[in-house]
Amino acid sequence: MSDAEQYGDQLFSHAHPAETARLEALAQALDPGTFHRLERLPLREDSRCLEVGSGLGTVGEWLVRRLPAGHVVAADRDPVHLRTRGVPGLEVRRFDVTADEAPEGSFDLIHARWVLSHLPARQNVLERMARWLAPGGWMVVEDLVMFPLETSPEPLYRKVSLAMCDVVERRIGTDCRWARTLPALLSAAGLIDVHGDTRTSRVGRTPMGRFWRLSAEQLGVDLQQDFGITPEELDAFSDRVTAADFTAPGLATVTAIGRRAGRRERPHAAPL
Ligand SMILES: C[S@@+](CC[C@H](N)C(=O)[O-])C[C@H]1O[C@@H](n2cnc3c(N)ncnc32)[C@H](O)[C@@H]1O
C-alpha cells in the first residue's frame, strides 16, 4: 500500500468539524439530479445495490425507499458519518474500493458519485466495479469536472477555484478533468449501452455555493502557502461564492450510465 496521502486521511477527513456540513451541502446540490436519473432505470424491486463512497448515505437511503424488497450496501472508506445507520434494508459497510473486493456478479446496480476522480487508481477501480455487476446490471458513475471554473469570466472566482483543484491534485491525486470522457471510460471498462450527460449547479446562495465555500476553508492553508492567495482574497472569495447575486456555475457533474452484458441479450441470440 502506498504511503501517499489519500482522500480522507487528512484532507476532507470525516473527523473534520465542518465535514458533515460540507457533505450535506453536496448531497443537497446533487441528490435531485441523481434521483431523477436513477428513477428512470428499469430496476427490479428486489435489486441488490452498491453505493460506493456513500458519504452521508442519502442516495443509499433513497434506494431503500425506491426498492423496498431490495438490499442496499452503503460502502465508504470511513462510514462514521453515515446518518443512515439503522435504516432497514440498508447495510453500512467499511469498504475501501481501491483495496477491498466484492464477489463477481453480486450487484444489480452500482452507483458512485464524486468518488472515483479522487482515487489515483480510478480506471482500475471502474474495471473491478464492472465485474461486481450481475449480467444485465447497471453502473451509474457521476463525477466532477472543472470546465465551468476554467471558463469563468470572474477573476477571483476563477483564480481561487483553479488553485483549489490544484491543491487536491497535489495532495491526494484528484483529477478534476478525468470525468470529461466518462461514457467512453465505462465502455472501456466493458460496459454496453452506455450513455451520459452533464449538468451544472450554480454557486451563490445555494447548496453548491456552501459546499465550495466549506471546501475552500479546508484548503485555506495550502491555498495561502502554495498559491499565494491572501487571507483577504480568501475572505472575499468565501463571501462571493455564497452571495445571493452571484450566479456562476460550480463544478459540473458528468453522469455515465451503462450495463453489463448478459441476460437481456439472450432473447435476440436464441429466439423461442
Ligand atoms: C466527495 S465525497 C462524496 C459523497 C457522496 N458520494 C455524495 O456524492 O454525496 C467522497 C466520499 O468517498 C469516500 N471515499 C474516498 N475514498 C474512498 C475509497 N477508497 N473507498 C470508498 N470510499 C471512499 C469518502 O469517505 C467520502 O465519503
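See above for the structure.
Residues numbered from 1 in each chain as written. Predicted model: local features only at pLDDT ≥ 70, side-chain atom pairs only at ≥ 80, totals over all residues. Heavy atoms only, no water.

A negative phi holds for most residues other than glycine; trans holds for most peptide bonds. Positioned with a positive phi, W114 is a non-glycine residue whose angle comes to about 55 degrees. By the element assignment, W114 lies in the loop between β4 (107-113) and α3 (122-131). Judged by its relative accessible area of 8%, W114 is buried. Backbone geometry places D193, a non-glycine residue, at a positive phi of 50 degrees. Its location among the elements puts D193 in strand β6 (residues 192-202). Exposure remark for D193: the relative accessible area of 46% places this residue in the partly exposed category. (Helix = DSSP H or I, 4+ residues; strand = E, 2+ residues; numbered from the N terminus. Buried < 20%, exposed > 50% of the residue type's maximum accessible area, 1.4 Å probe, protein only.)

Moving on to the pairing of strand β5 (residues 133-145). When you tally the buried positions in β5, you get 12 out of 13 residues, the bulk of the element. One ladder, built from 6 bridges, connects β4 with β5; its direction is parallel. Note on β5: the bridge partner recorded for R113 is E142. Between β4 and its parallel partner β5, the chain crosses via α3, and the hand of that crossover is right-handed. (Pairing = 2+ DSSP bridges. Right-handed = clockwise from strand over helix to strand, strands pointing away.)

So, on to the nonpolar core. Of all hydrophobic cores here, the largest spans 34 residues; its most connected members are W114, Y157, M164, W212, L219, L223 and F237. Breaking this core down by element, the ones donating at least two residues are α1 (19-39), α5 (155-172), α7 (207-218) and α9 (231-241). It is α5 that provides the largest number of residues to this core, a total of 8 residues. Those residues within four positions of L219 in sequence are excluded, and the remaining contacts are L11, F12, M164, V167 and V168. One finds L50, V115, L119 and L126 within the second-largest nonpolar core, a separate group that totals 32 residues. (Core = buried A, V, L, I, M, F, W, Y, C linked by side-chain atoms within 4.5 Å. Contact = heavy atoms within 4.5 Å.)

On to the packing of α7 against α9, then. Across the interface, α7 lies against α9 with an axial gap of 8 Å and an inter-helix angle of 165 degrees. Judged by the angle between their axes, α7 and α9 are roughly antiparallel. For α7 against α9, the interelement crossing comes out left-handed. Contacts between α7 and α9 involve G209, W212, R213, A216 and E217 from the first element and F237, S238, D239 and V241 from the second. Classifying every residue of the contact of α7 with α9 gives 4 nonpolar, 2 polar and 3 charged. (Axes fitted to C-alpha atoms, helices over the stretch in contact; angles between N-to-C directions. Parallel < 35°, antiparallel > 145°, perpendicular 65-115°, else oblique. Left-handed = near helix turned anticlockwise from the far one by under 90°. Nonpolar A, V, L, I, M, F, W, Y, C, P; charged D, E, K, R; others polar.)

Around the ligand there are 17 residues in total, and G53, D76, D96, V97 and R113 lie nearest to it. Between the ligand and the protein, one listed contact pairs a nitrogen atom with a backbone N or O atom of V97 at 2.9 Å. Between the ligand and R113 there is a distance of 2.7 Å, counted from an oxygen atom to a side-chain nitrogen or oxygen. Look at the ligand: alone it shows 600 Å² of surface, and the protein chains cover 97% of it. Here the ligand is seated within the largest pocket. A per-class count over the shell around the ligand returns 8 nonpolar, 5 polar and 4 charged. (Near = heavy atom within 4 Å. Polar contact = N/O pair within 3.5 Å; in protein donor to acceptor, adjacent residues only side chain to side chain. Areas by Shrake-Rupley, 256 points an atom, 1.4 Å probe, with all protein chains shown as cover. 1 Å grid on protein atoms, 1.4 Å probe; cavity = no way out; pocket = protein on both sides within 12 Å on 5 of 7 lines; lining within 4 Å. Sits in = over half its atoms within 2 Å of the grid points.)

What follows concerns the sheet that holds strand β7 (residues 249-259). Spatially, the 7 strands line up as an open sheet ordered β3-β2-β1-β4-β5-β7-β6, and their pairing is mixed. On the outer flanks of this sheet lie β3 (90-94) and β6, each paired with one strand and no other. Sheet twist, expressed as the average angle between the axes of neighbouring strands with direction ignored, equals 15 degrees. One ladder, built from 5 bridges, connects strand β2 (residues 71-76) with β3; its direction is parallel. Bridging across to β3, A74 finds its partner in V92. Sheet contacts for α3: β1 (48-52), β4 and β5; angle to β5, the most-contacted strand, approximately 150 degrees.

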